[in-house]
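Observations on chain architecture
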Amino acid sequence: MENAAPSPAWAHRTAELLEAVRARAPLVQCITNTVVQNVTANVLLALGASAAMVDVPTEAGPFARVADALLVNTGTPHAEPRVASVEAATAAVDAGTPWVLDPVAVGSLPVRTALARELLALRPTVLRGNASEVLAVLGASAGGRGVDSTVGPDDALAAAVAASDGRSVGALAVSGPVDLLVAPGTGTVRVANGTELLTRITGGGCALGAVVAAFTAVAPDDPGAAAVAATVVHTVAAELAARDAGGPGTFQPLFLDRLAALTPDDVVREARVTVTAAPVGAGSTDGVRS
């Protein structure tokens with residue numbers, strides 16, 4: 001973490017994008033894990049966006065052209081959603097719809113790994129996952145233990161920087177105790193908010209993929225800013241909820257309440273973001289500098 005410095009500018013940028021999400025109320029098409037569909041929809045609604053679970057072939061592609069953003073999550077890759085995922089991502093790329101790839105449990109499981117790599121070739125706006133998942137889909141490791149990462153976000157830093165060349169993906173969001181965000185020209189951004197309770201409820205990470213998608217809808221040309229802002233909002237709301245929660249059972253509804261009530265002032269006050277300067281010669285984006 002050499003040369004890492006606190007970045008209040010990112011907190012203010014996040015506050016602006018949160019207001020933009022609520023003003024626009026983006027419609028996010030979710031082709032996602034069947035275990036987390038309800039959680040994902042509720043998180044998007046609490047944020048101020050909305051969800052459409054359009055995951056049927058012949059419908060998924062046309063819908064991706066009119067949705068504000070697309071999430072593709074490989075958590076339960078049954079036959080029809082696999083076809084719909086590729087159809088929707090292809091249509092999103094063609095239509096200019098921003099889209100997020102969440103390669104859940106990729107690595108040792110062959111069906112989802114092949115699917116995720118096929119989807120990665122379509123250049124997602126943001127690639128989001130835990131460190132093991134990100135390394136596996138990039139071909140840099142064999143993956144973790146199911147949905148559990150066996151390495152930390154900084155173990156994925158070199159692969160993430162290499163992939164964030166503007167050609168492979170628009171930005172990368174690597175989840176962990178301290179979240180890692182990488183995009184061309186932004187430097188390496190770390191978000192230290194959050195709570196361990198997010199790992200003790202269904203869909204804590206998968207729902208973040210949908211939140212990232214919602215933020216790409218209001219910042220389609222700045223995927224790094226969208227990924228950072230989504231991560232900050234999600235983890236700040238979770239951290240605030242955890243302060244009043246007695247455990248995972250009370251945390252989940254409190255998280256939805258905190259997300260719905262989160263204000264720009266809350267974001268500016270609570271966000272803990274640091275930035276390591278981009279290497280000399282890195283590409284430029286419209287992202288915020290420290």
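Notes on the structure follow. (Residues numbered from 1 in each chain as written. Predicted model: local features only at pLDDT ≥ 70, side-chain atom pairs only at ≥ 80, totals over all residues. Heavy atoms only, no water.)

**A word on the side chain of Asn193**
- Structurally, the position occupied by Asn193 is in the loop between strand E9 (187-191) and helix H8 (204-218).
- Classification of Asn193 by relative accessible area gives buried; the value is 3%.
- A polar atom in the side chain of Asn193 sits 3.5 Å from the side chain of Glu239.
- At 2.9 Å, the side chain of Asn193 forms a polar contact with the backbone oxygen of Glu270.
- Residues contacting Asn193, with those up to four places away along its chain left out, are Pro177, Asp179, Thr235, Val236, Glu239, Glu270, Ala271 and Arg272. (Helix = DSSP H or I, 4+ residues; strand = E, 2+ residues; numbered from the N terminus. Buried < 20%, exposed > 50% of the residue type's maximum accessible area, 1.4 Å probe, protein only. Polar contact = N/O pair within 3.5 Å; in protein donor to acceptor, adjacent residues only side chain to side chain. Contact = heavy atoms within 4.5 Å.)

**Let's talk about helix H10 (residues 248-261)**
- The first and last C-alpha atoms of H10 sit 20 Å apart over 14 residues, in line with the 20 Å expected at 1.5 Å per residue.
- Taken together, the buried positions of H10 are Phe251, Phe255 and Leu259.
- Structurally, H10 contributes buried residues whose contacts are with helix H1 (8-24), helix H2 (37-47) and helix H9 (223-242). (Expected span 1.5 Å × (residues − 1).)

**Description of the nonpolar core**
- Counting residues in hydrophobic clusters, the biggest one holds 59 residues, and the most contacted among them are Leu47, Phe215, Val232, Val233 and Phe251.
- For this core, the element with the most residues is H9, which contributes 13 residues.
- Not counting chain neighbours up to four residues away, the residues in contact with Phe215 comprise Leu17, Leu18, Val21, Leu47, Ala226, Ala229, Ala230 and Val233.
- By size, the runner-up hydrophobic cluster in this structure holds 33 residues, among which are Ala92, Ala116, Leu119 and Leu180. (Core = buried A, V, L, I, M, F, W, Y, C linked by side-chain atoms within 4.5 Å.)

**Description of H8**
- Under the 1.5 Å per step criterion, the end-to-end length of H8 is 22 Å for 15 residues, consistent within 8% with the ideal 21 Å.
- For H8, the buried fraction is high: 13 of the 15 residues fall into the buried class.

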